[in-house]
Structure formats: structure tokens, C-alpha cells
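Residue strings, one per chain:
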Amino acid sequence: MKDHRALTPRQEALAERALFGAILTLRSIDECRAFFRDLCTPAELQALADRWAVVALLQQGVPYREIHKQTGVSVTTIGRVARYLLNGNGGYTLAAERMKDSTDTRSTDSGRVRP
């Protein structure tokens with residue numbers, strides 16, 4: 001966290017809550033893309049996307065070195081993602097489960113996936 005601002009912990013928590021509230025108002029991938037492209041630098045956005053890609057590969061049991069080879073993400077970052085996947089706040093797991101559930105519910109009885 002940055003130290004240069006003189007915000008109280010309560011003010012920091014309120015600012016974080018306001019950010020997450022703004023994210024929750026977004027209704028589509030296109031809206032999220034526009035918001036995050038405005039919010040983040042290209043490098044920050046790439047780092048977030050890279051970490052999310054690492055989550056899926058870790059959940060598939062892919063070894064760190066292979067993940068690095070496939071994604072270019074450093075082994076240190078892969079380890080950090082793995083640590084938070086196992087002992088973090090549960091956000092990675094929750095989002096991954098919901099992504100899987102939303103994919104599963106888009107399947108029809110005939111086995112074809114709807115667009």
C-alpha cells in the first residue's frame with residue numbers, strides 16, 4: 001500500500017468499498033473491460049489477467065515451470081497466486097467456481113453450449 005496519503009484505515013476501507021461497489025454496478029464483460037481499461041495501466045491490467053490465467057492452470061494441477069513456460073509469468077508470481085489460492089481470502093476459488101457454474105448452466109440437455 002502507498003504511504004504518501006494521510007488517510008485513516010477507515011477512509012481506506014471506505015475508498016476500497018466504493019471501488020468494489022462501482023465494480024458491482026457493471027453489467028457485462030464489455031462494461032468491465034471499459035472500466036478496467038480506464039482504471040488500470042496496460043501493465044496492471046496484464047498483470048491481473050496473467051494472475052487469473054495462473055489460477056486456472058494451478059487448479060488443473062499444471063506444474064509451476066510449465067505454467068511459466070505457457071504464460072511467461074514468473075515462478076515467484078505463480079507461487080504467490082498458489083499461496084493465495086490455498087490460504088487467501090477465498091476470492092480466487094469463489095470466482096473460479098462461479099465461472100465453472102455459469103459455463104455449466106449454459107449447456108443444454110443436448111450437450112451443445114449456447115453462445
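In what follows, the structure referred to is the one given above.
This report concerns the structure included in the present document. As the structure is a computational prediction, the values presented were derived from the model and not from experiment. (Residues numbered from 1 in each chain as written. Predicted model: local features only at pLDDT ≥ 70, side-chain atom pairs only at ≥ 80, totals over all residues. Heavy atoms only, no water.)

## A short note on the packing of helix H4 (residues 64-71) against helix H5 (residues 75-87)
At their nearest, the axes of H4 and H5 sit 9 Å apart, and the two run at 120 degrees to each other. Considering the relative orientation of H4 and H5, their crossing is right-handed. Residues Tyr64, Arg65, Ile67 and His68 of H4 lie in contact with H5, whose contacting residues are Val75, Ile78, Gly79 and Ala82. Per-class residue counts for the contact of H4 with H5 are five nonpolar, two polar and one charged. (Axes fitted to C-alpha atoms, helices over the stretch in contact; angles between N-to-C directions. Helix = DSSP H or I, 4+ residues; strand = E, 2+ residues; numbered from the N terminus. Left-handed = near helix turned anticlockwise from the far one by under 90°. Contact = heavy atoms within 4.5 Å. Nonpolar A, V, L, I, M, F, W, Y, C, P; charged D, E, K, R; others polar.)

## Focus on the pattern of salt bridges
Scanning all chains against the criterion turns up two salt bridges. For Asp30, the salt bridge goes to Arg33, with nearest N and O atoms at 2.7 Å. One end of the pair, Asp30, and the other, Arg33, are both in helix H2 (residues 29-39), three residues apart, so they sit about a helical turn from each other. Judged by relative accessible area, which is 55%, Asp30 ranks as exposed. On the basis of relative accessible area, Arg33 is assigned to the partly exposed category, the value being 37%. Between Lys100 and Asp104 there is a salt bridge, and its shortest N-O distance comes to 3.0 Å. Pair noted here: Lys100 and Asp104 are both in helix H6 (residues 91-105), with a separation of four residues, about one helical turn. Residue Lys100 is classed as exposed on the basis of its relative accessible area of 53%. (Salt bridge = Lys/Arg side-chain N within 4 Å of Asp/Glu carboxyl O. Buried < 20%, exposed > 50% of the residue type's maximum accessible area, 1.4 Å probe, protein only.)

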